[in-house]
Amino acid sequence: MSRISKADRQLQLQQEAAGQPLYANRVRVYPKSVHGPVRRFKWAVLIFCLGLYYLLPWLRWHRGVTEPDQAVLLDLFHERFYFFNLKFWPQDIYYLTGLLIMAAVGLFLVTSLAGRVWCGYTCPQTVWTDLFMWVERVIEGDRNERMKRDAAAASLDTVWRKAAKHAIWLGIAFWTGGAWIMYYVDAPTVTVEFWTGTASKEVYFFTFLFTATTYLLAGWAREQVCTYMCPWPRFQAAMLDEQSLTVTYQGWRGEPRQRGRRLLGDAGGDCIDCGLCVSVCPTGIDIRDGIQMECINCGLCIDACNHVMSVAQRPRFLITWATLADQAAKARGEHPKFRFFRVRTIIYLSALLLAVLVMGVALATRAELGLAVLHDRAPLFVRLADGDLRNGYTVKIANMADTQVLFELNLDGMPGAVLTEANEGLGPAVQLGLPVNADSVGTFRVMVSGQPAALKAGSQPIAFVLSNTSTGEHTVYRSVFMGPPGYAGND
Ligand code: SF4
Ligand code: SF4
């Protein structure tokens with residue numbers, strides 16, 4: 001059972017006694033439409049991101065008759081991830097780790113330079129919420145009209161508009177959920193199967209699950225996801241410093257605010273307290289209160305205020321992209337200087353370059369073969385009639401090439417040892433030729449017999465060396481040869 005502190009309990013009791021609710025009700029945000037370069041750029045990013053997301057599964061990529069021809073496909077059924085020319089196996093999971101490290105460090109770097117631009121422009125929650133808001137605006141009108149409509153009693157006009165809005169939202173959500181599934185199964189095939197009722201139940205389940213989550217998160221929850229659900233705003237402050245570019249109200253220029261400055265004259269600050277920057281904000285905050293956790297750095301308030309400044313015939317960019325250091329310098333009448341290279345950006349940049357380098361080298365030198373060797377558990381060893389010892393192993397060879405490959409298996413670390421392949425009935429040999437089909441894993445039972453040189457501790461390290469007979473590519477798997485402690489050959 002969770003416990004609360006004495007002080008919190010006391011506050012809770014006081015609030016209950018005063019009739020105050022413990023949690024504030026949601027204040028519905030009605031963002032106003034805005035025009036300007038930031039908004040246009042945001043539309044361009046939105047179209048690019050959505051276009052990429054919806055169309056990528058339809059991009060074809062020829063890989064031969066035996067491979068799927070979808071450019072990006074996470075084929076869970078066959079345990080392969082296809083990304084254009086690259087094909088990853090489950091054992092390549094460390095590439096995913098590298099990719100995640102690069103994404104995280106890249107995000108840290110971008111945030112330390114330009115604040116939460118990821119949140120404001122490319123985060124899926126922002127992109128889909130923006131799209132849903134656009135639909136809402138087209139059907140129900142701009143901010144004032146929507147506020148009036150919601151405050152008034154329901155009318156036929158309101159009902160059909162809301163019904164149409166939700167129907168379109170559900171349509172977009174369904175398209176989004178369906179597109180997500182297409183990253184896991186062939187897009188044209190699953191589309192036909194879906195509409196003919198022959199798709200798997202998992203396809204239907206996940207399509208409707210993602211439809212529901214998209215509809216709820218982008219249509220209903222909106223800015224609450226950023227404010228309450230997402231952990232990123234909580235720790236992004238650790239990446240910011242006084243040199244990070246953020247959307248900033250230049251208080252030194254705007255204050256003291258004057259309502260109706262044209263009537264009052266030029267005394268005071270440039271802000272005419274029109275509230276347009278608040279009306280257009282998708283999270284409903286007032287940027288004039290300073291940097292806030294809710295601000296996603298979208299910059300729409302810049303467009304709004306620039307419009308007001310133009311009408312009021314004042315210099316534009318009262319709200320602008322700026323650093324805290326800039327503002328302090330400008331307030332002192334000094335020229336601001338942007339410093340790209342700071343300790344934190346140098347660390348993030350170095351970590352990012354290192355990760356890119358390691359990933360690049362790993363990809364360039366990526367092997368097309370894999371080897372795993374499992375020693376038999378019981379019996380650990382067998383003593384043969386001639387006094388030799390024999391150990392059994394299960395050898396798994398992954399052939400990642402598109403053609404059948406003949407591999408050669410050798411043993412290192414035990415001179416005179418003989419290898420026997422149990423399944424194929426091959427005779428004893430010092431090396432084995434093992435064929436493995438294209439894009440598959442071959443499993444072989446291999447026996448190693450011989451007289452280990454030193455078994456004082458009951459085991460001797462050995463190494464299996466696997467080579468591709470066509471390309472010469474090879475890999476090594478270290479294992480052990482077991483026997484009784486103190487073994488001394490034909491004793
Ligand atoms: S305050 Fe400005 S930059 Fe921040 S979320 Fe609102 S509109 Fe976007
Ligand atoms: S839009 Fe500009 S002038 Fe209007 S309230 Fe905001 S900061 Fe002040």
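1. Some thoughts on the overall build of the chain
Helices and strands together make up the secondary structure of the chain, namely 17 helices and 14 strands. Computed over C-alpha atoms, the radius of gyration of the chain comes to 33 Å, more than 25% over the 23 Å expected from 2.2 N^0.38 for 491 residues, which places it beyond the range of a compact globule. When the backbone C-alpha atoms are referred to their principal axes, the chain occupies close to 110 × 60 × 55 Å. For the chain, buried positions account for 23% of its 491 residues. Contacts spanning at least 24 positions in sequence make up 67% of the contacts within the chain whose residues lie at least 6 apart.

2. Points about the site of ligand 2
Lining the immediate surroundings of ligand 2 are 15 residues, of which Cys271, Cys274, Leu276, Cys277 and Cys305 lie closest. Secondary-structure elements contributing two or more residues to the shell around ligand 2 are helix H14 (276-279) and helix H15 (300-311). Among the elements that make up the shell around ligand 2, the one with the highest residue count is H15 (3 residues). In terms of residue class, the shell around ligand 2 is made up of 11 nonpolar, 2 polar and 2 charged.

3. A few points about the sheet that holds strand S1 (residues 72-75)
What the 3 strands build is an open sheet, ordered S1-S2-S3; its pairing is antiparallel. In this open sheet, the two strands that pair with only one neighbour each are S1 and strand S3 (86-88). Within the sheet, the average angular offset between the axes of one strand and its neighbour, ignoring direction, is 10 degrees. By the bridge criterion, 3 bridges tie strand S2 (residues 80-83) to S3 in an arrangement that is antiparallel. Note on S3: the bridge partner recorded for phenylalanine 83 is leucine 86.

4. Re the site of ligand 1
Cys281, Ile287, Cys295, Cys298 and Cys301 are the nearest of the 14 residues found near ligand 1. Grouping the amino acids of the shell around ligand 1 by side-chain chemistry returns 11 nonpolar, 3 polar and no charged.

5. Section: the packing of helix H2 (residues 37-55) against helix H5 (residues 124-140)
With their axes 10 Å apart at the nearest point, H2 and H5 run at an angle of 110 degrees to one another. Taken as axis vectors, H2 and H5 run roughly perpendicular relative to one another. Between H2 and H5, the contacting residues are Leu46, Cys49 and Leu50 on the first element and Val127, Asp130 and Leu131 on the second. Its residues placed into classes, the contact of H2 with H5 shows 5 nonpolar, no polar and 1 charged.

6. Things to note about the pairing of strand S12 (residues 440-450)
Taken together, the 11 bridges between strand S8 (residues 389-399) and S12 define a ladder with antiparallel strand orientation. Opposite lysine 396, over in S12, you have threonine 443 as the bridge partner. Of the pairings in the sheet, the one linking strand S10 (residues 418-421) to S12 comprises 4 bridges and is antiparallel in character. By the bridge assignment for S12, valine 418 is matched with serine 449.

7. Examining the nonpolar core
Residues Cys277, Leu300, Cys301 and Ile319 are the most contacted members of the largest nonpolar core, which totals 22 residues. Secondary-structure elements contributing two or more residues to this core are strand S4 (246-249) and H15. Residue contributions to this core peak at 5 residues, all from H15.

8. Describing the domain arrangement of the chain
Considered domain by domain, the chain is made up of domain 1 (26-366) and domain 2 (369-482). Between the C-alpha centres of domain 1 and domain 2 there is a distance of 53 Å. Contacts between the two partners involve 4 residues from domain 1 and, on the opposite side, 5 residues from domain 2. A class-by-class count of the residues in the side of domain 1 that touches domain 2 yields 1 nonpolar, 3 polar and no charged.

9. Regarding the packing of H5 against helix H9 (residues 201-221)
Where H5 contacts H9, the axes come no closer than 8 Å and their chain directions differ by 75 degrees. Relative to H9, the element H5 lies roughly perpendicular. For the pair formed by H5 and H9, the contact residues are Gln125, Trp128, Thr129 and Phe132 on the first element and Thr214, Leu217, Ala218 and Gly219 on the second. The residue inventory of the contact of H5 with H9, partitioned by class, reads 4 nonpolar, 4 polar and no charged.

10. Brief notes about the sheet that holds strand S14 (residues 474-482)
Sheet strands pair via backbone hydrogen bonds, and the direction of the pair is either parallel or antiparallel. If you walk across this open sheet you meet the 4 strands as S11-S9-S13-S14, and the pairing is antiparallel. The outermost strands of the open sheet, each flanked by one partner alone, are strand S11 (431-436) and S14. Sheet twist, expressed as the average angle between the axes of neighbouring strands with direction ignored, equals 25 degrees.

11. Re the environment of proline 57
Its place among the elements puts proline 57 in the loop between H2 and S1. A count of 23 C-beta atoms within 10 Å places proline 57 in the buried class.

12. Points about the pairing of S1
Pairing of S1 with S2 involves 4 bridges; the strand directions are antiparallel. For leucine 73, the partnering residue across the bridge sits in S2 and is tyrosine 82. Between the end of S1 and the start of S2, which pair antiparallel, lie 4 residues, with glutamate 79 showing a positive phi angle near 55 degrees.

What counts, and at which threshold
- Residues numbered from 1 in each chain as written.
- Chains lettered and ligands numbered in written order.
- Predicted model: local features only at pLDDT ≥ 70, side-chain atom pairs only at ≥ 80, totals over all residues.
- Helix = DSSP H or I, 4+ residues; strand = E, 2+ residues; numbered from the N terminus.
- Rg over C-alpha atoms; globule rule 2.2 N^0.38 Å.
- Buried ≥ 20, exposed ≤ 12 C-beta atoms within 10 Å, placed from the backbone.
- Contact = placed C-beta atoms within 7 Å.
- Near = placed C-beta within 6 Å.
- Nonpolar A, V, L, I, M, F, W, Y, C, P; charged D, E, K, R; others polar.
- Pairing = 2+ DSSP bridges.
- Axes fitted to C-alpha atoms, helices over the stretch in contact; angles between N-to-C directions.
- Parallel < 35°, antiparallel > 145°, perpendicular 65-115°, else oblique.
- Core = buried A, V, L, I, M, F, W, Y, C linked by C-beta atoms within 7 Å.
- Domains from an automatic or database assignment.

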